[in-house]
Amino acid sequence: MSNKDQLVLDALFRDIVKFYSSSQTSLITLQALQTSITELDCPDEDFAKELTTVCDIIKNSRPRMFPIDNLIILLEKKLQENNYFSDKDFDSRKTAIIEIINLLAERLRNDMNELANQGVKHIEDGDYIILHSVEEAVELLLPMAQRMGKKFEVLILRQDLVKTKQVITLLKAEGIKYTVIPEWDLIHFFDKVNKLFIGAHALTVDGKFVSDSGTSNIVSECHIHNLPIYLFAPSLEITNKFSRDQNLYLKDELISVNGSEYNLVSHSSDILSLDLVDHLITEEGAVDKNKLEEYCKV
Amino acid sequence: MEHTVQHSSALIPIIVFVIVYAAITFELVNKAAATLAGVGLLVVLHVINEHQAVSFIDFETLMLLTGMMILVTLIKKSGFFTIVSVRIAEITKGSPVKILVLFSIVTALMSAFLDNVTTVLIIIPIIIELTRGLGLNPKNYVLSQVIISNIGGTATLIGDPPNVIIGSKVGLSFNQFILTLSPVVIVVFIIVLAYIWFINRVEFKPINTSLSKLVAVQLLLEKIKFEFSNITIDKKLMIQGLTCLTIAILLFITQTITGLAPGVVALGMAMVLLIISKADVEEILEEVEWSTLLFFTGLFILVGALEEYGVINWIAQNVFMNVGDDPYILVLLVLWVSGIGSGFLDNIPFTITMIPIIHLILESTPIPNDILWWALALGACFGGNITMIGASANIISVGIAKKYGVEISFIDFMKRGAVVTLISLIVSSIFLVLYLRFSL
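Parameters at a glance
The written sequence of each chain sets the order in which its residues are numbered from 1. Chains and ligands are labelled by the order in which they are written, letters from A for the one and numbers from 1 for the other. Residue-level local features of this predicted model are given only where pLDDT is at least 70; pairs of side-chain atoms are given and counted only at 80 or more, and the full residue set underlies all totals for whole chains, interfaces and linings. Elements are defined by DSSP. Helices are runs of H or I of four residues or more, strands are runs of E of two residues or more, and each kind is numbered from the N terminus. In this description the radius of gyration comes from C-alpha coordinates, and the expected globular size is given by 2.2 Å times residues to the power 0.38. What counts as a contact is two residues whose backbone-derived C-beta atoms lie within 7 Å of each other. Throughout, the edges of the domains are those of an automatic or database domain assignment. Three classes are used, and their members are as follows: Ala, Val, Leu, Ile, Met, Phe, Trp, Tyr, Cys and Pro are nonpolar, Asp, Glu, Lys and Arg are charged, and the others, Gly among them, are polar. Note on pairing: two strands pair once DSSP finds at least 2 bridges between them. For every element, the axis is a line fit to its C-alpha atoms; helices are fit only across the contacting stretch, and the angle between N-to-C directions ranges from 0 to 180 degrees. Crossings are classed by handedness, with left-handed meaning an anticlockwise turn of the near helix from the far one by less than a right angle and right-handed meaning a clockwise turn. Values of pLDDT, the confidence the predictor places in each residue, fall between 0 and 100. Here the expected length of a helix is defined as 1.5 Å per residue gap, with one fewer gap than residues. For the exposure call, what matters is how many other C-beta atoms sit within 10 Å of a residue's own: 20 or more marks it buried, 12 or fewer exposed, and in between partly exposed, using C-beta atoms placed from the backbone. By definition, the arc is the one covered by directions from the helix axis to the C-beta atoms. Nonpolar cores are built from buried Ala, Val, Leu, Ile, Met, Phe, Trp, Tyr and Cys residues. These are joined into a set through C-beta atoms within 7 Å. Handedness rule for crossovers: strands pointing away from the viewer, path from the first strand over the helix to the second running clockwise, crossover right-handed. The reported bend at a residue is simply the angle between two axes, fitted to the 7 residues ending at it and to the 7 residues beginning with it.

Regarding the overall build of chain A
Item 1. Helix and strand content of chain A: nine helices and 13 strands.
Item 2. Taken over C-alpha atoms, the radius of gyration comes to 20 Å for chain A, in line with the 19 Å a tight globule of 298 residues would show.
Item 3. Long-range contacts, defined as pairs at least 24 residues apart, comprise 77% of the intrachain contacts of chain A with a sequence gap of at least 6.

Let's talk about the domain arrangement of chain A
Residue and element names in this part refer to chain A.
Item 1. Once the domains are mapped, chain A shows domain 1 (3–113) and domain 2 (115–295).
Item 2. Computed from C-alpha coordinates alone, the two centres of domain 1 and domain 2 are separated by 26 Å.
Item 3. At the junction of the two partners, domain 1 supplies 24 residues and domain 2 supplies 27 residues.
Item 4. Listing elements by their share of the side of domain 1 that touches domain 2, those giving two or more residues are α1 (3–19), α2 (22–39), α4 (68–81) and α5 (90–119).
Item 5. Of the residues assigned to the side of domain 1 that touches domain 2, the class counts are nine nonpolar, eight polar and seven charged.

A closer look at the sheet that holds strand β12 (residues 279–282) of chain A
Residue and element names in this part refer to chain A.
Item 1. Within the open sheet, the seven strands sit side by side as β3-β2-β1-β4-β7-β12-β13. Their pairing is mixed. Every other strand in the sheet has two partners, leaving β3 (178–182) and β13 (285–287) as the edge strands with one partner each. With direction set aside, neighbouring strand axes in the sheet form an average angle of 30 degrees.
Item 2. Sheet strands touched by α5: β7 (229–232), β12 and β13. Its angle to β12, the strand with the most contacts, is close to 140 degrees.
Item 3. Those strands touched by helix α7 (residues 161–173) are β1 (127–131), β2 (152–158) and β3, and its axis lies near 165 degrees from that of β2.

Some points on the packing of helix α8 (residues 138–153) of chain B against helix α22 (residues 410–439) of chain B
All names here are of chain B.
Item 1. Relative to each other, α8 and α22 sit at 35 degrees, their axes nearing to 11 Å. By crossing handedness, the relation of α8 to α22 is classed as right-handed. In this structure, α8 uses Lys139, Leu143, Ile147 and Ile151 to contact α22, whose residues at the interface are Asp412, Phe413, Arg416, Gly417, Val420 and Ser424.
Item 2. Grouping the amino acids of the contact of α8 with α22 by side-chain chemistry returns five nonpolar, two polar and three charged.

Details of the confidence of the model for chain B
Item 1. Chain-level statistics for chain B give a pLDDT mean of 88 and a share of 97% at 70 or above.
Item 2. Listed scores for the predicted complex are pTM 0.76 and ipTM 0.90.

Here we look at the sheet that holds strand β11 (residues 269–273) of chain A
Residues and elements named next belong to chain A.
Item 1. Ordered in space as β8-β5-β6-β11, the four strands form an open sheet in which the pairing is mixed. Both edges of this open sheet fall to β8 (238–239) and β11, since each of them pairs with a single strand only.
Item 2. Taken together, the two bridges between strand β5 (residues 202–204) and β8 define a ladder with parallel strand orientation. Note that in β8 the partner of Leu203 across the bridge is Ile238.
Item 3. Sitting on the sheet, helix α8 (residues 215–224) touches β6 (208–212) and β11, and the angle it makes with β11 is about 30 degrees.

Let's talk about the interface of chain A and chain B
Item 1. Taken together, the contact between chain A and chain B spans 24 residues of the former and 18 residues of the latter.
Item 2. When contributions to the side of chain A that touches chain B are tallied by element, the ones reaching two or more residues are α1, α2 and α3 (47–59) of chain A.
Item 3. Class assignment for the residues of the side of chain A that touches chain B results in 14 nonpolar, four polar and six charged.

A word on the packing of helix α4 (residues 59–77) of chain B against helix α14 (residues 262–277) of chain B
For any two helices packed against each other, one specifies the crossing angle of their axes together with the interaxial distance.
Residue and element names in this part refer to chain B.
Item 1. Across the interface, α4 lies against α14 with an axial gap of 7 Å and an inter-helix angle of 35 degrees. α4 and α14 meet at a crossing whose hand is left-handed. Taken together, the residues of α14 that come into contact with α4 (itself represented by Glu60, Thr61, Met63, Leu64, Thr66, Gly67, Met68, Ile70, Leu71 and Leu74) are Pro262, Gly263, Val264, Ala266, Leu267, Met269, Ala270, Leu273, Leu274 and Ser277.
Item 2. In the contact of α4 with α14, the residues fall into 14 nonpolar, five polar and one charged.

Observations regarding α3 of chain A
All names here are of chain A.
Item 1. With 13 residues, α3 should cover 18 Å at 1.5 Å per step; its first-to-last C-alpha distance of 18 Å lies within 8% of that length.
Item 2. Along α3, the positions that sit buried rather than exposed are Phe47, Glu50, Leu51, Val54, Ile57 and Ile58. The buried residues of α3 occupy one face: seen down the axis, they fall within an arc of 130 degrees.

Some remarks on the nonpolar core
Most often, soluble globular proteins keep nonpolar side chains buried together rather than apart.
Item 1. In terms of nonpolar packing, the biggest core is built from 222 residues, with Leu231 of chain A together with Leu71, Val331 and Leu372 of chain B touching the most fellow members.
Item 2. Inspection of this core shows a minimum of three residues originating in each of domain 1 (3–113) and domain 2 (115–295) of chain A.
Item 3. For Leu231 of chain A, the residues in contact, after removing those within four places along its chain, are Ile198, Ala200, Phe209, Val277, Leu280 and Ile281 of chain A.

Here we look at unusual backbone geometry
Residues and elements named next belong to chain A.
Item 1. Omega for the bond connecting Arg62 with Pro63 falls within 30 degrees of zero, at 0 degrees, which places this linkage in the cis form.
Item 2. In this fold, Pro63 is placed in the loop between α3 and α4.
Item 3. The amide bond that connects Phe66 to the next residue, Pro67, takes the cis arrangement and shows omega of 10 degrees.
Item 4. For Pro67, the position within the fold is in the loop between α3 and α4.

A look at the environment of Phe17 of chain B
Item 1. Position of Phe17 of chain B relative to the elements: it lies in helix α1 (residues 7–25).
Item 2. With residues up to four places along the chain from it excluded, the contact list for Phe17 of chain B reads Gly38, Leu302 and Leu306 of chain B.

Points about the pairing of β2 of chain A
The side chains of a regular strand alternate, residue by residue, between the two faces of the sheet.
Residue and element names in this part refer to chain A.
Item 1. Judged from the five bridges that link them, β1 and β2 form a sheet pairing that is parallel. Bridge pairing in β2 links Asp127 to Phe152.
Item 2. Since β1 and β2 lie parallel, the crossover through helix α6 (residues 136–147) that links them has a hand, and here it is right-handed.
Item 3. One ladder, built from five bridges, connects β2 with β3; its direction is parallel. Each residue of the ladder has a partner; that of Ile156, found in β3, is Val180.
Item 4. Taken together, β2, α7 and β3 constitute a β-α-β crossover, and its handedness is right-handed.

Describing helix α10 (residues 174–199) of chain B
Residue and element names in this part refer to chain B.
Item 1. Look at α10: 35 Å from first C-alpha to last across 26 residues, which is about the 38 Å you get at 1.5 Å a residue.
Item 2. Along its length, α10 reaches its greatest deviation from straightness, about 40 degrees, at Leu181, and the proline Pro183 lies no more than four positions downstream.
Item 3. For α10, every residue scored as buried is listed here: Phe174, Phe177, Ile178, Thr180, Leu181, Val184, Val185, Val188, Phe189, Val192 and Ile196.

Quick look at the environment of Asn240 of chain A
All names here are of chain A.
Item 1. Relative to the helices and strands, Asn240 is located in the loop between β8 and β9 (250–257).
Item 2. Distance in space between the C-alpha atoms of Asn240 and Ala105 is 21 Å, their sequence separation being 135 residues.
Item 3. Contacts of Asn240, omitting those with residues within four sequence positions, involve Val205, Glu293 and Cys296.

What to know about the pairing of β9 of chain A
Residues and elements named next belong to chain A.
Item 1. β9 sits mainly on the outside: zero of its eight residues count as buried.
Item 2. The pairing of β9 with strand β10 (residues 260–267) spans eight bridges and is classified as antiparallel. The residue bridging Glu253 from the neighbouring strand is Leu264, located in β10.

Following this line, the structure appears as structure tokens:
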């Protein structure tokens, strides 16, 4: 595996997940894989190796990204079951693999739709919901609730400017009423808000979840104020690996402001305990956060 | 006009001019401020009066530049250039050679029909995102696009400031420029592109043999589409803007029939677009590069003063006409002096200074088919590639690249630019010698 290819793809995953939820990022990656297989023009005997390489890169991304990580594991299983379709010619092999990827994408889409159906049950008239990042709740649940005519408002906590802008764009497009505040101003709104909606990049078997950086502060603050915390995630985000294996990315960048320079060190994601979450909602509805292993599909 | 230097009185405009030139070259003060301060000094010292100063200004050039700036600002506001850039990025499918070739073609065409600064402002950010995202070295691609923008701009009257000045002050038409210069520009473009490919050939390997690289390209295009397409597209303004630009270019082409000068056309169409688009005029005018226009204004006056005092005549007689009256030598001398001079000085003041000198050379040694003017245009435009300070687009590009974390040093630029200029000037020399041979 080329270390350079790994670094390039890692950086792209980190960037794309700023604009989309991890589920949507996974769909985009599957689409990218399909197009790339169509365009691949390598020697016949290298095809399996190329597939293995790209699967390894995706599974080892920094940070690990779910559901794509699990979907790639499912893809590999299928490939191994079929011996990488080695009995077929090059083009037929491509077609067969693309067909599997199509089915995986379809499965994820169905899970996302069902997650929206389940999630929307937790939105009620008069809700004032806190959001801070582009997650499944922003992309799926709230638009569906708005279309169903539910009366609710959103409080957007501004952290990363790119993420905040995207949340605003999505809510605006659906005509959802929102207010933007800096994250540190949340303390003044606890008498108005009644729910916190978050998403995750992964739910690990040791009872933790990996989420966008900045989630930890908000969850902790809401937990202290007894605000109900809802975590929405398709079950394909549940991994049988531990939180310490999630390859968090540590960024060390030189910042220059008005002639003053300093090194800024930051992590790509937060790791939090599921104990802080009050409701874990998957496509199967509200699930027991203490029995994650049972819901793991891979 | 005097034909000898009025020795004692000419000393002041010469000193002022040299100081202003040094201040511009070494970027000691803002260009517009430097030239206008120089003009102010000449007026205060009674070297010229305010009426003379105004008479030295070439309003045709200023009208053409202002008009094009307004047209480009409104088209840019419509989102058209972003759509084009993202589409090109998609077409390249991440292939390094396709990135180089397709972006170079777009850059050359945009530079030919718009201004180079606008072109690099649009192209450089997207090419940095694209190449960096693929793990390629963005510096090579940034440098190639700046160089190509200077080459593409050479092809038309409106492509590069030296051509705007030459066209307006000498009365050469849009068609004359494009018909005469585009063949040589196309040849130079192809050779330079081949040279850039050759020196970076290790980086230009095809990527469709690697699945991980292909996946990276797809994800990168998704990212670019998101980042660059997340702007408001104003279709109505886009149609209005492109229609006005097309009409302006058609009127440039039919100049000999309509009798409308390019400056009148550009400013006229800009006003039409401002009115029909109902754009916020104040907001659009804020985008016009007033400092560039004032810089031009000041330079016209400073060179006008030198001309008035016979300094230009003296330079022409003692520098250029000392080499004799062989047209081949004169043409090549103008080409190479302009090329090298424009590389180390800004090519705009250099061109403004050279115009009266060439008028004087032509008075004593008539050279057919405006070949001496073409030598100046080719030299001044291509020469802008030698150094980072040779053309405005170079300085702007290096600045944008730095903002995106891509450092390009003076030497980095010169290593690439000097060779490209050498190639361009050699091709131009062959073209001019052949043109002269068939003209005499």
